[in-house]
Amino acid sequence: MNTSDLRFDPHWAERRVLEIQTKLHRWASDDPHRRFDDLFNLVADPSFLLMAWERVAGNKGARSAGIDGASVDFVRERIGGENFLAELREQLTSRGFRPLPVRERMIPKPGSRKRRRLGIPTVADRVVQASLKLVLEPIFEADFAPCSYGFRPNRRAHDAMAETLFLASKTYEWVLEGDIAACFDEISHPALMDRVRARIADKRVLALVKAFLKAGILTEVGARQETVTGTPQGGSATRKAHVVSGSRWLEVRLMPGT
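Computed from a predicted structure; not experimentally measured.

1. Remarks on the packing of aromatic side chains
Right, on to step 1. Applying the stated criterion to the full structure yields two aromatic pairs.
Right, on to step 2. With a centroid separation of 5.5 Å and 50° between ring planes, the pair formed by Trp53 and Phe84 is classed as tilted. In this pair, Trp53 is assigned in helix H3 (residues 46-58) and Phe84 in helix H5 (residues 81-93), connecting sequence segments 31 residues apart.
Right, on to step 3. Geometrically, the ring pair formed by Phe97 and Phe212 is tilted, given 6.2 Å between the ring centres and 55° between the ring planes. Placement of Phe97 in the loop between H5 and strand S1 (102-108) and of Phe212 in helix H10 (residues 203-213) is noted, with a sequence separation of 115 residues between them. Exposure class is identical for Phe97 and Phe212. Each is buried.
Right, on to step 4. Of note, Arg155 hangs over the ring of Tyr149, and the distance from its end group to the ring centre comes to 4.7 Å.

Spelled out as structure tokens, the structure:
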């Protein structure tokens, strides 16, 4: 495939990305033990980067800036989307790309006096994470059970609730609910990387995933903090990491009545 085409056409990019994703998902479904190599070229592919940019720019957090102070609007007005993606692609292909620490923002937890940490990556990091997600998601989607709803495309809590109500009308009498305390903060990096390696053989992609995990945090008081465990909430790739690791889920598990 030609990965040097810098055609700046979102509709063309979307069609091309969907076509490749369909192939990746089919290959992963046909062989549950297949390990994928040569995926890094897709992460740096212009169509994947453009699709990633469109998603980042359309996200409700687009106005938020990372530690470099640049928001999506800033990138648009001062650099231009096309120039920004061309430069970002050059950094990826030359192996010069390095994720920056996420900017910490503590927000209140609903219905509680406690606060949770939100990590805001730079726009460049968000775009690369989104491109990485576009490549990896169709592969790992092939491995998930139909009853799993957490952090998956086209699935949400309301879908799980609807299935629960439907099954409850079919002689099922028990609904079991569980949670893991501080799961975002406690995900084991080695365990997560082992899960990723089970499907991904491309060392450049593995290095990129690890680099995001180890990028660190710039706290609200301006201190640099290493990330030894866990994944900061706020980035596309970190949300997918929660699913792959199995540390965070929303599953419908009902028990039939006796």
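2. With respect to the confidence of the model for the protein chain
Right, on to step 1. This prediction gives the protein chain a mean pLDDT of 86; 87% of its residues lie at or above 70.
Right, on to step 2. At the low end of the mean pLDDT range in the protein chain sits strand S6 (residues 254-256), at 51; at the high end sits helix H2 (residues 40-43), at 97.
Right, on to step 3. Here residues 245-249 is a poorly scored stretch, pLDDT under 50, and it has 15 contacts once near neighbours within four places are set aside; other chains count.

3. Focus on H3
Right, on to step 1. In this model, H3 (13 residues) spans 18 Å end to end at C-alpha, consistent with the 18 Å of a helix rising 1.5 Å per residue.
Right, on to step 2. Burial of H3 is extensive: 10 of the 13 residues sit out of reach of the surface.
Right, on to step 3. By the burial criterion, the buried members of H3 are Pro46, Ser47, Phe48, Leu49, Leu50, Met51, Ala52, Trp53, Val56 and Ala57.
Right, on to step 4. Summarising the contacts, the buried residues of H3 are in contact with helix H1 (10-30), H2, helix H4 (72-79), H5 and helix H6 (123-141).

4. A few points about the sheet that holds strand S2 (residues 115-120)
Right, on to step 1. Read across the sheet, four strands follow the order S2-S1-S4-S5 without closing on themselves; strand pairing throughout is mixed. Each edge of the sheet is formed by a strand with only one pairing partner; in this case those strands are S2 and strand S5 (224-225).
Right, on to step 2. When S1 meets S2, the two strands line up antiparallel, connected through six bridges. Looking at the pairing, Arg103 lines up with Ile120 of S2.

How each quantity is defined
- Residues numbered from 1 in each chain as written.
- Predicted model: local features only at pLDDT ≥ 70, side-chain atom pairs only at ≥ 80, totals over all residues.
- Heavy atoms only, no water.
- Phe/Tyr/Trp six-rings, centres within 6.5 Å; stacked < 30°, edge-to-face > 60°.
- Helix = DSSP H or I, 4+ residues; strand = E, 2+ residues; numbered from the N terminus.
- Buried < 20%, exposed > 50% of the residue type's maximum accessible area, 1.4 Å probe, protein only.
- Lys NZ or Arg CZ within 6 Å of the ring centre and 35° of its normal.
- pLDDT = per-residue confidence, 0-100.
- Contact = heavy atoms within 4.5 Å.
- Expected span 1.5 Å × (residues − 1).
- Pairing = 2+ DSSP bridges.

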